[in-house]
Amino acid sequence: MNAVPPPNRAAIDALLAALPADLVLTATEDLGRFSRDWSGDYHGRPLAVARPRDTAEVSLVLQHCHRLRIPVVPQGGLTGLVGGGVPADKAELVLSLERMNKVRRVDPFDFAMIVEAGCVLEVAKQAADAAGCLLPITFGAQGSCRIGGNVATNAGGFNVLRYGMTRDLVLGLEVVLADGRIWNGLKLLRKDNRGYDLKQMFIGSEGTLGVVTAAALKLFPRPEQVETALVALSSVPDAIAFYAHVRAACSDLATAFELLMRRTIDVSLTADERLADPFPEKFPVYVLLELSCGAGIDLRALLEGALVSAGDMLLDAVIASSQEQAARLWRLRETMVEKQGGGEPYLRTDVSLPISQIPAFVAAVETTMAEGFPQSGINIYGHIGDGNLHINVIPPRGLEREARAALIHDAETTLFGVLDQFGGSISAEHGIGRAKRPAFLERVDEVSLDIMMRLKSVLDPDGILSAGRLLPSP
Ligand SMILES: Cc1cc2nc3c(=O)[nH]c(=O)nc-3n(C[C@H](O)[C@H](O)[C@H](O)COP(=O)(O)OP(=O)(O)OC[C@H]3O[C@@H](n4cnc5c(N)ncnc54)[C@H](O)[C@@H]3O)c2cc1C
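Residues numbered from 1 in each chain as written. Predicted model: local features only at pLDDT ≥ 70, side-chain atom pairs only at ≥ 80, totals over all residues.

> Would you explain the packing of helix α1 (residues 9-18) against helix α3 (residues 55-68) in this entry?
For any two helices packed against each other, one specifies the crossing angle of their axes together with the interaxial distance. Axis separation between α1 and α3 bottoms out at 10 Å; the angle between their running directions is 155°. In terms of orientation, α1 and α3 fall into the roughly antiparallel class. Along this stretch, α1 crosses α3, giving a crossing that reads as right-handed. Between α1, through Ala 11, Ala 14, Leu 15 and Ala 18, and α3, the contact on the second element is made entirely by His 64, Cys 65 and Leu 68. Classifying every residue of the contact of α1 with α3 by side-chain character gives six nonpolar, one polar and no charged. (Axes fitted to C-alpha atoms, helices over the stretch in contact; angles between N-to-C directions. Helix = DSSP H or I, 4+ residues; strand = E, 2+ residues; numbered from the N terminus. Parallel < 35°, antiparallel > 145°, perpendicular 65-115°, else oblique. Left-handed = near helix turned anticlockwise from the far one by under 90°. Contact = placed C-beta atoms within 7 Å. Nonpolar A, V, L, I, M, F, W, Y, C, P; charged D, E, K, R; others polar.)

Here it is in structure tokens:
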């Protein structure tokens, strides 16, 4: 059912008449690719798709939508995993940022870049790299997701451990408000205490408070050395002990620390026969570890020393001897992420909790889910250096659509019930969108929700932006 009521036909016609024809797509055959996300879990036909070429055109579109009360959903690369960017069926205008894709500036002295919201993350990373810098946001969807989407979801990824979330990397933003006014907060200042830090409101706001049109992002020196290792362990508590050991032994040079339970390795091996089991024996738990730094440090020796001094904690270990071998180790992780559902819907979660609580939490989840959902597969992996786990529940094959949806719902309720006992968050990085809205609204405290609703009513009084996501419907 649509949470967003469609506007009347006269309003839509007035909008189309007011906008230049080359700004809007309306033909059915053009709308398909804006109608579903990467996962395929959500789909809905847009009323039309506006594709502005600059900030003034975004402003023009929003001025008219505001005047005519036309619901709008901003769209980036559609890789979001909570249904946020997909339009409610025939009820929303899609505002696609795909034509605003320029890297406006890369400055190796400021260690900063200014990028338009529709720039694909990978392209922004390449531009930084060409200037000898690193834009550290890194994850599997970087070839498709866009900077505006990364800001709107406060994206995380593999390198949060060292560089923080997208929020930590944003120096400034340009945002078009729901009524079409342009807020220019696009600055490169690293320290600026003039009043409220307004950009923070928009980061992670999932398109509900404004449309991001450009971002100024922090850059870092490009690492000259990267070392990658896969280690095998007997248990999750050992993986956490190994994490503390690596942080202490490697002078904080760890840039990734990814947990993979055995089942997830099996998913990758089944999905891609070119991948090989990394060790002659199977182990219960694996950690994919990456260290990186500039020149002048013997990084390989540091890594080898850390592995040797971990002693009996490690059951086996391999250090990648080439970039190609490192890429193969990463493929063990990435293939599983893409193939785990076998093309059918499954429960995807991205929870977080204090790192020290992870062993007890995983034990509780394994027991509870084995009892409640014995036929389902439970894939556990994640960025454990950030206290962020993905616990995904894969229903048995061949279930009818409704039975599958009911199982996914029940599994989420059960899993989040366990998480609540550990004081965790139901979203570490994907956001709330439509998928997690009921669970979010059940848990959010009254004062937080009141502040969020007041912010929303100040910035978008008619509720035209991303209705039906994150917040309660008016
Ligand atoms: C294989 C895979 C791996 C992933 N791994 C990670 C990971 O490790 N960490 C992580 O954090 N995420 C991950 N994701 C999720 C996803 O890639 C991120 O949420 C990403 O930031 C979304 O960007 P997008 O451009 O695709 O946004 P979209 O999906 O298009 O939109 C996401 C949300 O942002 C809003 N939005 C988009 N653009 C704008 C804008 N310009 N202004 C205002 N609102 C906007 C949309 O309305 C929607 O609510 C993964 C996804 C996939 C498919």
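Still more ground to cover, so stick around.
> I would appreciate a short explanation of the pairing of strand β18 (residues 388-394) in the present structure.
Burial analysis of β18 places seven of its seven residues in the buried class, which makes it a mostly covered element. Burial along β18 is two-sided: Asn 388, His 390, Asn 392 and Ile 394 and Leu 389, Ile 391 and Val 393, pointing in opposite directions, are all buried. Two strands pair when backbone bridges link them, and strand β16 (residues 351-352) and β18 are joined in this way by two bridges, in the antiparallel orientation. Looking at the pairing, Val 351 lines up with Leu 389 of β18. (Buried ≥ 20, exposed ≤ 12 C-beta atoms within 10 Å, placed from the backbone. Pairing = 2+ DSSP bridges.)

> Before we go on, may I ask you to explain the site of the ligand in this structure?
Near the ligand there are 38 residues, and of these Gly 76, Gly 80, Gly 84, Gly 148 and Gly 149 occur at the shortest range. Broken down by element, the residue count for the shell around the ligand peaks at five residues, all from helix α5 (residues 147-153). For the shell around the ligand, the residue count by class is 15 nonpolar, 18 polar and five charged. When residues of the shell around the ligand are assigned to domains, at least three fall in each of domain 1 (9-99) and domain 2 (103-221). (Near = placed C-beta within 6 Å. Domains from an automatic or database assignment.)

Purely geometric numbers; function is a separate question.
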